[in-house]
Amino acid sequence: PMEFFERDAEFHRAVSAAAQNPLMSDLLDAVLNQLEPARRETAAKASRSKIQTSFGQHALLTRAIEANNPRLARSAMAEHFDSTREIFSLADAA
């Protein structure tokens, strides 16, 4: 689970860097720092299935970006946001 925590942040920082938008990178860093305790707790409680789902969503988003397919990237990111919200909700309920 802690590997997931670290790899997740690395992935989001890579996407942010690829956007070449310093404001986006600054906002991401602020969000990651602010949510670090909750992200650590969530990562520790996340099931293997939820972690694999998240990595699969990261892979789909990566392919969409590499293919320069904004429609697929938006769809993949929306799915990832929904899934992440669900994971955080489950962690809050526990």
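Coordinates for the structure precede this section.
Described below are features of the structure shown in this document.

**Topic: the nonpolar core**
And then number 1: Among the nonpolar cores identified, the biggest contains seven residues, and these are Phe11, Val15, Leu61, Ala64, Ala73, Ala76 and Met77.
And then number 2: Elements supplying a minimum of two residues to this core: α1 (2–18), α4 (48–66) and α5 (70–93).
And then number 3: Per-element accounting of this core gives the leading share, three residues, to α5.
And then number 4: Among the nonpolar cores identified, the runner-up in size contains five residues, and Phe5, Ala43, Ala46 and Ile51 belong to it.

**Regarding the pattern of salt bridges**
Between side chains of opposite charge, a pair can form when the charged atoms approach closely.
And then number 1: Using the criterion set out here, one finds seven salt bridges in the structure.
And then number 2: One salt bridge connects Asp82 with Arg85, and the closest N-O pair in it is separated by 2.4 Å. Here Asp82 pairs with Arg85, and both are found in helix α5, just three residues apart, close to one helical turn.
And then number 3: By relative accessible area, Arg85 is classed as exposed at 52%.

**Concerning the packing of aromatic side chains**
And then number 1: Evaluation of the coordinates by the stated rule reveals one aromatic pair.
And then number 2: Taking the centre distance of 5.5 Å and the plane angle of 70 degrees together, the rings of Phe4 and Phe55 count as edge-to-face. Of this pair, Phe4 sits in helix α1 while Phe55 sits in helix α4, and the two are 51 residues apart along the sequence.
And then number 3: Here Phe4 falls in the buried class, since its relative accessible area comes to 11%.
And then number 4: Stacked on the ring of Phe55, the Lys or Arg Arg7 has its end atom at 4.4 Å from the ring centre.

Each value, and the rule that gives it
- Residues numbered from 1 in each chain as written.
- Predicted model: local features only at pLDDT ≥ 70, side-chain atom pairs only at ≥ 80, totals over all residues.
- Heavy atoms only, no water.
- Core = buried A, V, L, I, M, F, W, Y, C linked by side-chain atoms within 4.5 Å.
- Buried < 20%, exposed > 50% of the residue type's maximum accessible area, 1.4 Å probe, protein only.
- Helix = DSSP H or I, 4+ residues; strand = E, 2+ residues; numbered from the N terminus.
- Salt bridge = Lys/Arg side-chain N within 4 Å of Asp/Glu carboxyl O.
- Phe/Tyr/Trp six-rings, centres within 6.5 Å; stacked < 30°, edge-to-face > 60°.
- Lys NZ or Arg CZ within 6 Å of the ring centre and 35° of its normal.

Distances and angles like these do not, on their own, reveal function.
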